[in-house]
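# Examination of the molecular architecture
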Amino acid sequence: MRIRFALAATVAAGTLAVVVSAPAQAAEYSSALKVKGVQYDAPGRDSNSCSTGNSKSEYVTIKNYSRTATVNLRGYVVKDTTSSNRFTFRSDHYLGPGDYVKLRGGHGTDSDAKNVVYRQNCNFLWNNDKDTIYLYKPSGAHADTHAYTKSRDDRDGNGYITFHG
């Protein structure tokens, strides 16, 4: 009887809290932007040489999952477990509903038409065995976080993991 009364009182007040258990590697935050996936292990032998390396082949895909809102990436931060490996979007880059951007390593020219932003840094951002990807809003609030382990999450061994479809 108490459970029904508490539920009825909560519904009557206009709020209903639902407790959902999520896996330890994923946390849900209220944000239109989410990490869609990560190419954490660039194909080939890792080399962070700016002239001959493959750090451009390592990327994280960030998608706007809103059905109506356009989001400007300026001020958003992507980082891994260590505080020194981070990237802040310094320029305007607008993602319309359903649009995405690939944040790539290496040097290149950012392009809205090609949905790509380069870190302008040839060092790899993601560890090949395990890491955590953090996406922060310009306010500093969490937008999305995902931890991965190669042995657990990369079933086909291609170095790419999908988090949100």
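Higher on the page you've got the structure.
An account of the accompanying structure is given in this report. (Residues numbered from 1 in each chain as written. Predicted model: local features only at pLDDT ≥ 70, side-chain atom pairs only at ≥ 80, totals over all residues. Heavy atoms only, no water.)

In total, this model carries four aromatic pairs according to the counting rule given. On the numbers, 4.9 Å between centres and 40° between planes, the contact of Tyr 40 with Tyr 148 is tilted. Highlighted residues: Tyr 40 in the loop between strand 2 (33-39) and strand 3 (59-64) and Tyr 148 in strand 11 (residues 142-149), separated in sequence by 108 residues. For Tyr 40, a relative accessible area of 0% puts it in the buried group. Here Tyr 134 and Tyr 136 contribute two aromatic rings whose centre-to-centre distance is 6.1 Å and whose plane-to-plane angle is 15°, an arrangement assigned as stacked. (Phe/Tyr/Trp six-rings, centres within 6.5 Å; stacked < 30°, edge-to-face > 60°. Helix = DSSP H or I, 4+ residues; strand = E, 2+ residues; numbered from the N terminus. Buried < 20%, exposed > 50% of the residue type's maximum accessible area, 1.4 Å probe, protein only.)

Attention shifts here to the nonpolar core. In terms of nonpolar packing, the biggest core is built from 23 residues, with Leu 33, Val 60, Tyr 76, Val 78, Phe 89, Trp 126 and Leu 135 touching the most fellow members. If one sorts the elements of this core by residue count, strand 2 sits on top with three residues. (Core = buried A, V, L, I, M, F, W, Y, C linked by side-chain atoms within 4.5 Å.)

One open sheet holds the five strands; their spatial order is 9-8-3-2-12, and the pairing between them is mixed. At either end of the open sheet lies a strand with only one pairing partner, and these are strand 9 (116-118) and strand 12 (160-162). Direction aside, neighbouring strands of the sheet carry axes that sit 25° apart on average. As defined by bridge partners, strand 8 (residues 100-104) adjoins strand 9 across three bridges and the pair is classed as parallel. The residue bridging Arg 104 from the neighbouring strand is Tyr 118, located in strand 9. (Pairing = 2+ DSSP bridges. Axes fitted to C-alpha atoms, helices over the stretch in contact; angles between N-to-C directions.)

Another point: the pairing of strand 8. In this sheet, strand 8 lies alongside strand 3 in antiparallel orientation, the contact comprising five bridges. Paired with Tyr 59 across the bridge in strand 8 is Arg 104.

Attention now moves to the state of the cysteines. Overall, the coordinates contain one disulfide when judged by the stated rule. Residue pairing for Cys 50: its cysteine sulfur links by disulfide to Cys 122, the two sulfurs lying 2.1 Å apart. Classification of the bridge connecting Cys 50 and Cys 122 rests on its S-S torsion, roughly 120°, and on that basis the disulfide is right-handed. Note that Cys 50 is positioned in the loop between strand 2 and strand 3 and Cys 122 in the loop between strand 9 and strand 10 (130-136), a separation of 72 residues in sequence. Under the relative-accessibility criterion, Cys 50 is labelled exposed at 53%. (Disulfide = S-S within 2.5 Å.)

Our next topic: the pattern of salt bridges. The tally for this structure, following the rule as stated, stands at two salt bridges. Measuring nitrogen to oxygen at the nearest pair gives 2.8 Å for the salt bridge that ties Asp 92 to Arg 74. With a gap of 18 residues between them, Asp 92 in the loop between strand 6 (86-88) and strand 7 (94-95) and Arg 74 in the loop between strand 4 (71-72) and strand 5 (77-79) connect regions that are remote in the sequence. Residue Asp 92 is classed as partly exposed on the basis of its relative accessible area, which comes to 38%. Under the relative-accessibility criterion, Arg 74 is labelled partly exposed at 45%. (Salt bridge = Lys/Arg side-chain N within 4 Å of Asp/Glu carboxyl O.)

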